[in-house]
Amino acid sequence: MFLFKGRSKEMDLRILELFSGIGGMNYAFKESGIPGQIVAAVDINTNANAVYTYNNRQTTVLNNNVQKLDLKTLEKLQINCILMSPPCQPHTRVGHKKDIEDNRSHGLMHICSLLPECTSVRYILMENVKGFEGSLAHSLYIQTLRKAGFHYREFILSPTQLNIPNTRYRYYCLARRDQNFPFGCEHIWTEFPTIKQQHKCINTIKNILESDSLLSADFLVDQKTLDRRVQLMDIVTSSSANTMCFTKAYAHYTEGTGSIFCPLKPEQMHQIFGKLKHLDNGNSSKENQSLERRELLQSLGLRYFTPREVARLMGFPDTFNFPLEITNRQKYKLLGNSINVQLVSELIKMMMEQIS
């Protein structure tokens, strides 16, 4: 239990999850062990809401625009905590960095307009893409926190800092009204200032892989992509200790959207790439060269990580599932828009840590 300032009794958290997606914040809250409940979740994406409901039937999921929330609704929900992951596209190159001029920023701006008057909210955790910290939206959000009387701390962190083999740098902001934090605010933190318990470490790719017997040929990289893009891929093996950030375009595009898995031992893989390099520099006929190259590429056995494997890298438990009607492409897109559950659970614990 946590004691809120100005209250005579202990209270559990009553959480509103905004821009809730597939429920990453919900799983992070459960992983944190902090007592309380997700009172409601709000998102406009129907596929995300279907996945959320499928896995969390006890939580009210509002298929609605965040801009439709008002003070009366927030008071009715009796919340004291907000966990949110606003759209990142306004702050990315792909999204043209339109910042607050992007319609997808309007939800966060609306929350900023409500926070000073919503005095029941004592804790807020917000996640966004790295780069948000340089935006006008960030400036307005921080101004709002100050105006509303929140203490806050900012971070740019990656799951690799918890020995999880996935690079996914994100911006995080913890805010609370009642107590300051036991560590400074002079800068944006790029490491965890306090972690008191041992993490469950994945360490290498091997521990998140599905059994080969469960995999279909659908996950193999097609020959056309191999021919054109193999030299641009980030290829990892079961002994690798890192993977690229998986984006919503994973398996639709191969370059810069996430790592590709090779089932061979590293020395076998490098040997094949050595042969490919030698072949490209050789003098054999074009026809023979093309055939041999194709055979070598196929012998690599390159495939995409499955949605289950990506979900494991992002900290989702194996009890998390997708409804049958959600396609693999939709699964990758939804996961690419989600959060790392284990990392956020550590931040939730940090947010609730009391000053002795």
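Just so it is clear, the model here is predicted, and its values are computed rather than measured. (Residues numbered from 1 in each chain as written. Predicted model: local features only at pLDDT ≥ 70, side-chain atom pairs only at ≥ 80, totals over all residues. Heavy atoms only, no water.)

(A) Broad picture of the nonpolar core. Counting residues in each nonpolar core, the largest one holds 73 residues, and the members touching the most others are Leu-83, Leu-302 and Leu-347. Sorting elements by how many residues they give to this core places helix α11 (residues 341-352) first, with 8 residues. Here this core gathers at least three residues from each of two domains, domain 1 (13-194 + 341-352) and domain 2 (211-305). When sequence neighbours within four positions are dropped, the list of residues in contact with Leu-83 reads Ile-15, Leu-16, Glu-17, Leu-18, Met-25, Phe-29, Ile-38, Leu-125, Ile-348 and Met-351. Residues Leu-16, Leu-108, Ala-148 and Tyr-171 belong to the second largest nonpolar core, which totals 33 residues. (Core = buried A, V, L, I, M, F, W, Y, C linked by side-chain atoms within 4.5 Å. Buried < 20%, exposed > 50% of the residue type's maximum accessible area, 1.4 Å probe, protein only. Helix = DSSP H or I, 4+ residues; strand = E, 2+ residues; numbered from the N terminus. Domains from an automatic or database assignment. Contact = heavy atoms within 4.5 Å.)

(B) Fine view of the pairing of strand β6 (residues 151-157). When you tally the buried positions in β6, you get 6 out of 7 residues, the bulk of the element. For β6 and strand β7 (residues 170-176), the ladder comprises 7 bridges, and the chain directions are antiparallel. Note that in β7 the partner of Phe-155 across the bridge is Tyr-172. (Pairing = 2+ DSSP bridges.)

(C) View of the UniProt feature "active site" (unreviewed entry) in the chain. With numbering aligned to this structure, UniProt lists the feature "active site" (unreviewed entry) at Cys-88. Locating Cys-88 in the fold gives a position in the loop between β4 (81-84) and α4 (106-114). When near neighbours in sequence (up to four residues on either side) are disregarded, Cys-88 contacts Asn-128 and Val-129. (UniProt positions renumbered as here; feature names shortened; annotations may be inferred.)

(D) Summary view of the domain arrangement of the chain. Segmenting the chain into domains produces domain 1 (13-194 + 341-352) and domain 2 (211-305). The distance between the C-alpha centroids of domain 1 and domain 2 comes to 37 Å. At the junction of the two partners, domain 1 supplies 7 residues and domain 2 supplies 7 residues. Summing both sides of the interface, domain 1 and domain 2 together bury roughly 520 Å²; the carbon and sulfur share of this comes to 33%. Of all residues in domain 1, Pro-165, Asn-166 and Thr-167 bury the most surface against domain 2, accounting for 65% of the area lost on that side. Run the count over domain 1 and domain 2 and you get 0 salt bridges. At the junction of domain 1 with domain 2, the criterion picks out 7 residue pairs in polar contact (both at pLDDT 80 or more). Taken together, the residues of the side of domain 1 that touches domain 2 sort by class into 1 nonpolar, 4 polar and 2 charged. (Buried area = accessible area lost by both parts, 1.4 Å probe. Salt bridge = Lys/Arg side-chain N within 4 Å of Asp/Glu carboxyl O. Polar contact = N/O pair within 3.5 Å; in protein donor to acceptor, adjacent residues only side chain to side chain. Nonpolar A, V, L, I, M, F, W, Y, C, P; charged D, E, K, R; others polar.)

(E) Here's a closer look at the packing of α4 against helix α5 (residues 136-147). Between α4 and α5, the shortest axis-to-axis distance is 9 Å and the interhelical angle comes to 20 degrees. When the axis of α4 is compared with that of α5, the two are roughly parallel. In the crossing of α4 with α5, the sense of the turn from one axis to the other is left-handed. Along its contact with α4, which presents Leu-108, Met-109 and Cys-112, the element α5 presents Ala-137, Leu-140, Tyr-141 and Thr-144. (Axes fitted to C-alpha atoms, helices over the stretch in contact; angles between N-to-C directions. Parallel < 35°, antiparallel > 145°, perpendicular 65-115°, else oblique. Left-handed = near helix turned anticlockwise from the far one by under 90°.)

(F) Representation of the packing of helix α7 (residues 266-280) against helix α8 (residues 286-299). In the contact formed by α7 and α8, the axes pass within 10 Å of each other and the chain directions differ by 165 degrees. Between α7 and α8, the crossing angle belongs to the class labelled roughly antiparallel. Here α7 and α8 pass one another in a crossing that is left-handed. Each of Ile-272, Lys-275, Leu-276, Leu-279 and Asp-280 in α7 lies in contact with α8, whose residues at this interface are Gln-289, Glu-292, Arg-293, Leu-296, Leu-297 and Ser-299. Of the residues contributing to the contact of α7 with α8, the split by class is 5 nonpolar, 2 polar and 4 charged.

(G) Spatial organisation of helix α10 (residues 328-336). Turning to α10, its buried residues number three or more, namely Lys-331, Tyr-332, Leu-334, Leu-335 and Gly-336. Those residues of α10 that are buried lie in contact with α2 (46-55), β10 (303-304) and α9 (307-313).

(H) Spatial organisation of unusual backbone geometry. Here the phi dihedral of Phe-19 falls at roughly 50 degrees; this positive angle occurs in a residue that is not glycine. Backbone geometry at Gln-78 places phi at a positive 55 degrees, although glycine is not the residue there. Looking at the element boundaries, Gln-78 is found in the loop between α3 (71-77) and β4. Its relative accessible area of 54% is what places Gln-78 among the exposed residues.

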